[in-house]
Amino acid sequence: MRTLGNILWFILGGAIMGLGWWLAGLIAFITIVGIPWGRSCFVIGMFSFFPFGQEAIDREELTQRGDLGTGSLGCLGNVLWFVFFGWWLALGHLLSAIALFITIIGIPFGIQHLKLAGVALSPVGKTIVSKEVAAAARMHNATSAVSKMREK
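All chains use their own residue numbering, which begins from 1 and follows the written sequence. Thresholds applied to this predicted model are a pLDDT of at least 70 for local features of residues and 80 or more for the giving and counting of side-chain atom pairs; totals over whole chains, interfaces and linings are not thresholded and use all residues. Computation of side-chain values covers all heavy atoms of the structure but excludes hydrogens and water.

**A closer look at helix 6 (residues 131-151)**
Think of it this way: any DSSP run of H or I at least four residues long counts as a helix, any run of E at least two long counts as a strand, and we number them from the N terminus. Expected span of a helix, by definition, is 1.5 Å for each gap between consecutive residues, and there is one gap fewer than residues. Between its first and last C-alpha, helix 6 extends 30 Å over 21 residues, near the 30 Å set by a 1.5 Å rise per residue. Along helix 6, the positions that sit buried rather than exposed are Ala-134, Ala-137 and Asn-141. End-on view of helix 6: buried residues confined to an arc of 65°, all on one side of the axis. Facing away from the buried side of helix 6, by more than 90 degrees, are the exposed residues Met-139 and Arg-150. Residue contacts follow a heavy-atom distance rule, with two residues in contact if any of their heavy atoms lie within 4.5 Å. Those residues of helix 6 that are buried are in contact with strand 1 (54-58), helix 3 (59-63) and strand 2 (126-130). Think of it in three bands: residues with accessible area under 20% of the maximum for their type are buried, residues over 50% are exposed, and the middle band is partly exposed, with areas taken using a 1.4 Å probe on protein chains only. When we speak of the arc, we mean the arc of directions from the helix axis to the C-beta atoms.

**Some details on the pattern of salt bridges**
Should a side-chain nitrogen of Lys or Arg be within 4 Å of a carboxyl oxygen of Asp or Glu, the pair is scored as a salt bridge. According to the stated counting rule, one finds four salt bridges in the structure shown. The residue Arg-138 makes a salt bridge to Glu-55 at a minimum N-O spacing of 2.6 Å. One end of the pair, Arg-138, is in helix 6; the other, Glu-55, is in strand 1, and 83 residues separate them in sequence. On the accessibility criterion, Arg-138 (33% relative accessible area) is partly exposed. In this structure Glu-55 comes out as buried when scored by relative accessible area, which is 18%. A salt bridge links Asp-58 to Lys-126; the shortest N-O distance between them is 3.0 Å. Highlighted residues: Asp-58 in strand 1 and Lys-126 in strand 2, separated in sequence by 68 residues. The exposure class of Lys-126 is partly exposed, given its relative accessible area of 27%.

**Overview of the packing of aromatic side chains**
Working definition: an aromatic ring pair is given by the centre-to-centre distance plus the angle between the planes. The aromatic pairing rule takes the rings of Phe, Tyr and Trp, using the six-membered ring of Trp, and pairs them if the centres are within 6.5 Å, calling planes under 30 degrees apart stacked, those over 60 edge-to-face and the rest tilted. Inspection of every chain in the model, using the stated rule, returns 11 aromatic pairs. Relative to Phe-50, the ring of Phe-10 lies with its centre 5.4 Å away and its plane at 10°, an arrangement referred to as stacked. In this pair, Phe-10 is assigned in helix 1 (residues 2-30) and Phe-50 in the loop between helix 2 (35-49) and strand 1, connecting sequence segments 40 residues apart. When the ring of Trp-21 is compared with that of Trp-81, the centres are 5.8 Å apart and the planes differ by 10°; the resulting orientation is stacked. Of this pair, Trp-21 sits in helix 1 while Trp-81 sits in helix 4 (residues 72-101), placing them 60 residues apart in sequence. Comparing Trp-21 with Trp-81 shows no difference in burial state: the two are buried. Here the aromatic residues Phe-10, Trp-22, Phe-29, Phe-42, Phe-49 and Phe-50 are joined through ring pairs into a cluster of three or more.

Printed below as a string of C-alpha cells:
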C-alpha cells in the first residue's frame, strides 16, 4: 500500500511540492550561509516526493541526546528558516491539503500535506526515518521513562 500511495502521491501533486523544497534548497545553497538549510531541503524534498512509510521525528527523540540543531541554536535556525523559506512552503502544503480535502479519495493525501506543512514550519532538529524506526524510538523512550518512574 505504501508503494501505491507514494506513486499516486507523486503523480497527484507530490512532485510539485518536492520540487518546491528543492528550489528552496538551491536558493539556500547560493547564499553559502544557508548550506545547512539547503541540505535539509533536499532531504525533506525527497520526503515530500514519497512520504508514505516515512516520518519526520526530532533527532533528540531518536538519539536520546541533544545536538546543535536540537538546542537554542536550532530554535534560532527555525526562526530564520520560517522567515525566509518556511512560511511559503507551509502555505503551499496547506493550500494543497485544502484542495485534496474536497474529494473523499484525497483525504489521506491532504493529511500528508498537513504533516509536511508542520515540517516546513520548523525543520531544524528533525530527521526523516521509516515509520518503524520512529515507533521503535518512541517505544524505547517510553520504556526508559517508565523504568525511571518505577525507580523513584
